[in-house]
Amino acid sequence: MGKSIESIAPVLEGLRVLDFGRYIAAPVCASLLSDLGADVIRVEPRAGASDRDVMPLGKGRDGALYCQMNRGKRSLALDFTTLEDSPILKRLVATSDVVIVNMPPRQLGKVGLTYDALCALKSDIILTTISAYATGGQSRDLTGFDGSGQSLSGAMHITGDGSVPTRAAVSYVDYSTGITAAYATLAALIGRLRTGSGQHVETSLLQNALAIMNPILIEAATGARHRVATGNRSPISGPSDAFETEDGWVMIQVIGDAMFARLAEQIGQPELVGHSDYATDIARGENGAKLSSIVAQWCRTKTSAEILKILSLARIPCVPILTPAEALQNSEIRQGGYFSFPGATDIPIAAPLASISGTVPLKSAPVLGEHNDEILRELGISQA
């Protein structure tokens, strides 16, 4: 008989991670490791790091961004200028497996968190660094944020209605970079099991932004086409757009000839299937404005609920377009286990991105310095 799921230890139990990250990318990386059972210690100044105040929730509460990024971690509040001037940090590194930092190379050197400096304290340490730009490029020591990646990758040029370059409302570059860093860190940990050696894991915001844009960049490089902004409409298939109904908005996404034929039948326009402008996905995408206009007329005569019922029965993806507040009340989201409320708070924290046997229950993000005494005791260091 195998062990029950409840008795399986979290896969990263026993591993210690030091998180020097701020804001999104590096903290996301560390939080994903925490979700798998690693002991993640967030290190920050005794006055608190500036990212605690992002998206404030009210007096006496940490901001929304901090609450998500730092769930399940322990907090060590400690003032230091460099690694070298802090005996506590040096001892902590010596007991750790992974160090995560989001700083450009020059700043890493200033605070002493280079790979060589860490290896001198723990020979098989894994250092995961996230920067705005590749460390071999001309901008290697410049600071950047999510919008930097969206701008330089060409994404802002093709987002919005075309009147002005438009940044995506959510920080997809930051989040994707954090996820990339986490999977690469796990690969380095597996490599250490095989070789006994640590590694320096590096990724950047721009690298991930370019990876996400890669198919569109390939089109431009080959001269196949040069994308422009098309609003909510997909340029590669159709109809794929946001449509106004009698009482709201829905998003309909059609791809493939069979699905398009089913949609044409449902909206009472079966002749669209034989039209040369709509013969293939790419044709339907490139003639999507006309196609969206046809579907929009049909949607305006029905309620959102009627459209959702009709298209779901026809196996056509269609969902209501919700406000953030409506999303929290949506029955699919409420019943699907997408959120946890650690510590019986009113804060919905997104559940781990994937569930595996032996995952750990989510815990709230720590208050500043909450675990100082606990961590110092583990290191054998007195409060004095």
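First, a word on scope: everything that follows refers to the structure included in this document. Predicted model, so just to flag it, every value in this text is computed and none were measured.

1. What about the pairing of strand E7 (residues 240–244)?
Most of E7 is tucked away: four of the five residues are buried. As paired strands, E7 and strand E8 (residues 249–253) are joined by five bridges and run antiparallel to one another. Counted as the bridge partner of Ala 242 is Met 251 from E8. The hairpin formed by E7 and E8 contains four residues between the paired strands.

2. So, the sheet that holds strand E3 (residues 74–77)
Spatially, the six strands line up as an open sheet ordered E3-E2-E1-E4-E5-E6, and their pairing is parallel. Single-partner strands in this sheet number two, and they are E3 and strand E6 (199–204). Each strand of the sheet is rotated relative to its neighbour by a mean of 20°, with strand direction disregarded. As paired elements, strand E2 (residues 39–44) and E3 share four bridges and run parallel to each other. Note that in E3 the partner of Glu 44 across the bridge is Ala 77. Contacts from helix H1 (residues 25–35) reach strand E1 (16–19), E2, strand E4 (98–101) and strand E5 (126–131), with the element oriented near 150° to E4.

3. Regarding the packing of aromatic side chains
For any pair of aromatic rings, geometry is given as the distance between the ring centres together with the angle between the planes. For the structure shown, the criterion picks out three aromatic pairs. Residues Phe 20 and Phe 80 carry aromatic rings whose centres are separated by 6.2 Å and whose planes lie at 75° to one another, so their mutual orientation is edge-to-face. Separated by 60 residues along the polypeptide, Phe 20 in the loop between E1 and H1 and Phe 80 in the loop between E3 and helix H3 (87–94) bring together distant segments of the chain. On the numbers, 6.3 Å between centres and 55° between planes, the contact of Phe 260 with Tyr 278 is tilted. Remark: Tyr 278 occurs in the loop between helix H9 (257–266) and helix H10 (281–286) and Phe 260 occurs in helix H9; sequence separation between them is 18 residues. Note on accessibility: Phe 260 and Tyr 278 belong to one class, buried.

4. Here's the deal with unusual backbone geometry
Along the chain, Gly 238 connects to Pro 239 via a cis peptide bond; the corresponding omega equals -5°. Relative to the helices and strands, Pro 239 is located in the loop between helix H8 (205–222) and E7. You will see that Tyr 23, though not glycine, has its phi angle at about 65°, which is positive. By secondary structure assignment, the location of Tyr 23 is in the loop between E1 and H1. Unlike most non-glycine residues, Arg 315 shows phi in positive territory, near 60°. Residue placement: Arg 315 occurs in the loop between helix H12 (304–313) and strand E9 (318–320).

5. Here's the deal with the pattern of salt bridges
Between side chains of opposite charge, a pair can form when the charged atoms approach closely. Scanning the entire structure with this criterion turns up 25 salt bridges. The salt bridge partner of Arg 16 is Glu 378, with a shortest N-O separation of 2.7 Å. Of the two residues, Arg 16 is situated in strand E1 and Glu 378 in helix H15 (residues 372–379); the sequence distance between them amounts to 362 residues. Judged by its relative accessible area of 12%, Arg 16 is buried. Look at Glu 378 and you get partly exposed, because its relative accessible area is 43%. A salt bridge links Glu 44 to Arg 42, with the shortest nitrogen-to-oxygen separation between them at 2.9 Å.

6. A closer look at the nonpolar core
Among the nonpolar cores identified, the biggest contains 31 residues, and Leu 12, Val 17, Leu 33, Ala 38, Val 98, Ile 100 and Ile 126 are the most heavily contacted of them. Put simply, the parts of the chain that give this core at least two residues each are H1, helix H2 (64–69), E4, E5, helix H7 (172–195) and H8. It is H1 that provides the largest number of residues to this core, a total of seven residues. The residues contacting Leu 12, other than those within four sequence positions of it, are Leu 33, Leu 36, Gly 37, Ala 38 and Leu 186. The next biggest cluster of nonpolar side chains, apart from the first, holds 24 residues, and it includes Leu 83, Val 93, Val 111 and Ile 125.

7. A few points about the environment of Val 367
Within the secondary structure, Val 367 sits in the loop between strand E11 (349–350) and H15. Taking the C-alpha atoms as reference points, Val 367 and Met 251, 116 residues apart in sequence, are found 40 Å from one another. Non-local contacts of Val 367, meaning those with residues more than four positions away in its chain, are made with Arg 52 and Ser 75.

8. Considering the packing of H1 against H7
Running from amino to carboxyl end, H1 crosses H7 at an angle of 45°, the nearest separation of the two axes being 7 Å. Between H1 and H7, the angle is such that the two are oblique. Seen along the crossing, H1 lies across H7 with a hand that is right-handed. Counted together, Ala 25, Val 28, Cys 29, Leu 32 and Leu 33 of H1 and Asp 174, Tyr 175, Thr 177, Gly 178, Ile 179, Ala 181, Ala 182, Thr 185 and Leu 186 of H7 form the full contact between these two elements. For the contact of H1 with H7, a count of residues per class yields 10 nonpolar, three polar and one charged.

9. Section: the side chain of Asp 146
Among the secondary structure elements, Asp 146 is positioned in helix H6 (residues 146–152). It is Arg 167 that comes nearest to the buried, bridge-free Asp 146 among opposite-charge side chains, at 4.6 Å. Within the structure, the side chain of Asp 146 is placed 2.8 Å from the backbone nitrogen of Val 173, a separation counted as a polar contact. For Asp 146, the side chain forms a polar contact with the main-chain nitrogen of Asp 174, separated by 2.9 Å.

Basis of the calculations
- What you see as residue numbers is a count from 1 along each chain, following the sequence as written.
- In keeping with the predicted nature of the model, local features appear solely for residues at pLDDT of at least 70, side-chain atom pairs appear and are counted solely at 80 or more, and the whole-chain, interface and lining totals rest on all residues.
- Side-chain calculation: all heavy atoms of the structure are included, whereas hydrogens and water are not.
- A simple rule labels every residue: compare its accessible area, found with a 1.4 Å probe on the protein chains alone, to the largest value its type can have, and call it buried under 20%, exposed over 50%, or partly exposed in between.
- The way it works is that DSSP assigns letters per residue, a run of H or I at least four long becomes a helix, a run of E at least two long becomes a strand, and they are numbered from the N terminus.
- Only when DSSP finds a minimum of two bridges between them are two strands counted as paired.
- Note on geometry: axes are lines fitted to C-alpha atoms, helical ones only across the stretch in contact, with angles between N-to-C directions running from 0 to 180 degrees.
- By definition in these notes, contact holds between two residues if any of their heavy atoms fall within 4.5 Å.
- Centres within 6.5 Å make a pair out of two Phe, Tyr or Trp rings, where for Trp the six-membered ring is used; the pair is then stacked when the planes are under 30 degrees apart, edge-to-face when over 60, and tilted otherwise.
- By definition here, a salt bridge exists when the distance from a side-chain nitrogen of Lys or Arg to a carboxyl oxygen of Asp or Glu is within 4 Å.
- Take the buried Ala, Val, Leu, Ile, Met, Phe, Trp, Tyr and Cys residues and link them wherever side-chain atoms come within 4.5 Å; each set so joined is a nonpolar core.
- Throughout, the term roughly parallel applies to angles under 35 degrees, roughly antiparallel to angles over 145, roughly perpendicular to angles from 65 to 115, and oblique to all others.
- Note on convention: near helix rotated counterclockwise from far helix by under a right angle means a left-handed crossing. Clockwise means right-handed.
- In this count, Pro and Cys sit with the nonpolar residues alongside Ala, Val, Leu, Ile, Met, Phe, Trp and Tyr, while Asp, Glu, Lys and Arg are called charged and the others, Gly among them, polar.
- The charged-residue count follows a simple rule in which Lys and Arg add positive charge and Asp and Glu add negative charge, with His and chain termini not counted at all.
- The definition of a polar contact used here is a pair of N or O atoms within 3.5 Å, where within protein one atom must be able to donate a hydrogen and the other to accept one, and adjacent residues in sequence count solely through side-chain atom pairs.

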